[in-house]
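Chain by chain, the residues run as shown.
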Amino acid sequence: MSMSTTTEIIAQHWAFIVFIVIAFGLCAFMLTGGWLLGGRARARYKDTPFESGIESVGDTHIRLSAKFYLVAMFFVIFDVEALFLYAWATSIRESGWIGFVEAAIFILVLLAGLVYLVRIGALDWAPARRRVVVKTTTVSHTNPHKQ
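The chain carries the name NADH-quinone oxidoreductase subunit A in an unreviewed UniProt entry, which gives Candidatus Pantoea gossypiicola as its organism. UniProt annotates the chain under Subunit (unreviewed entry) with the comment "NDH-1 is composed of 13 different subunits. Subunits NuoA, H, J, K, L, M, N constitute the membrane sector of the complex." Quoted verbatim from the Sequence similarities (unreviewed entry) field of UniProt, the annotation for the chain is "Belongs to the complex I subunit 3 family."

Undergrad: Help me get a handle on helix H2 (residues 14-37), residues and values and all.
TA: Along its 24 residues, H2 runs 34 Å from first to last C-alpha, staying within 8% of the 34 Å computed at 1.5 Å per residue. A small share of H2 lies buried, amounting to zero of its 24 residues.

Undergrad: Got a sec to walk through the packing of helix H3 (residues 66-90) against helix H4 (residues 92-119)? Specific residues and values, please.
TA: Contact pair H3 / H4: the axes reach a minimum separation of 9 Å and the direction vectors enclose 165 degrees. Comparing the axis directions of H3 and H4 gives the class roughly antiparallel. H3 and H4 meet at a crossing whose hand is left-handed. For the pair H3 and H4, contact is made by Phe74, Phe78, Glu81, Phe84, Leu85, Trp88, Ala89 and Thr90 and by Ile92, Glu94, Ser95, Gly99, Phe100, Ala103, Phe106, Ile107, Leu110, Leu114 and Leu117, respectively. Residues belonging to the contact of H3 with H4 are distributed by class as follows: 14 nonpolar, three polar and two charged.

Undergrad: Which residues make up a nonpolar patch on the surface, and what are the values?
TA: Together, Ile92, Trp97, Phe100, Val101, Ile105 and Val109 make up an exposed nonpolar region whose accessible area comes to about 640 Å². Position of Val101 relative to the elements: it lies in helix H4. On the basis of relative accessibility, which here comes to 45%, the residue Val101 falls in the partly exposed class.

Undergrad: I'd like to hear about the UniProt feature "transmembrane region" (unreviewed entry) in the chain, residue by residue, with values.
TA: Mapped onto the present numbering, the UniProt feature "transmembrane region" (unreviewed entry) falls at residues 12-37, 68-89 and 95-118. Secondary structure over residues 12-37 splits into 96% helix and 0% strand, and the C-alpha atoms at its two ends are 39 Å apart.

Here is what the cut-offs are and how they apply
Residue positions are given per chain, counting from 1 as you read along its sequence in written order. Only residues with pLDDT of at least 70 get local features here, since the model is predicted, and only at 80 or more are side-chain atom pairs given and counted; chain-wide, interface and lining totals rely on the full set of residues. The side-chain quantities take in all heavy atoms of the structure and omit both hydrogens and water. UniProt positions are given in the numbering used here, feature names are shortened, and annotations may be inferred rather than shown by experiment. Strands are runs of DSSP state E lasting at least 2 residues, helices are runs of H or I lasting at least 4, and numbering of each runs from the N terminus. The length a helix should cover is 1.5 Å for every residue beyond the first. Whether a residue is buried, partly exposed or exposed follows from its accessible area with a 1.4 Å probe, protein chains only, as a fraction of its type maximum: under 20%, in between, or over 50%, in that order. Axes here mean lines fitted to C-alpha atoms, for a helix over just the part in contact, with angles spanning 0 to 180 degrees between N-to-C directions. Any angle from 65 to 115 degrees is called roughly perpendicular, while one under 35 is roughly parallel, one over 145 is roughly antiparallel, and all others are oblique. Take the far helix as the reference: if the near one is turned anticlockwise from it by less than a right angle, the crossing is left-handed, and if turned clockwise, right-handed. Contacts: residue pairs with any heavy atoms within 4.5 Å of one another. Gly falls in the polar group here, along with every residue not listed as nonpolar (Ala, Val, Leu, Ile, Met, Phe, Trp, Tyr, Cys, Pro) or charged (Asp, Glu, Lys, Arg). A residue counts toward a patch only above 30% relative accessible area and without a salt bridge, and it is joined to like-charged neighbours within 9 Å or, for Val, Leu, Ile, Met, Phe, Trp and Tyr, to nonpolar neighbours within 5 Å. Here the accessible surface of atoms and residues is derived via Shrake-Rupley with a 1.4 Å probe, and residues count as covered only by protein chains that are part of the display. Throughout this description, the term salt bridge denotes a Lys or Arg side-chain nitrogen within 4 Å of a carboxyl oxygen of Asp or Glu.

And the structure:
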């Protein structure tokens, strides 16, 4: 007795199908439960932002500089790279010297990227108009009063 190809595929992957059905069912249950059990009251201060017992001051829709998002992306990128290095460090005995050389190359590429970001000014927080330029002056050590 042979099964059809579709039945064989379903039989082989039944656990994954059950997982997907349960995940979607749980999501639907949580969304529906929140909608049914959630409050419906409206009031003057009901929809105002509130944090840690402090009333908000001013408008909550502030414009942030694109530099903020750029630095946030750099942080995420370098944080993920640190995670890769941690995984490498936990398996250092198995990877041996070849793994060490690969990790050293990886770190050098990361450092080159960081040096590049610093050189182009991508990590400068202050806008150009607020940066203080220090001017150096030459001081003459000769005595202006001749005797």
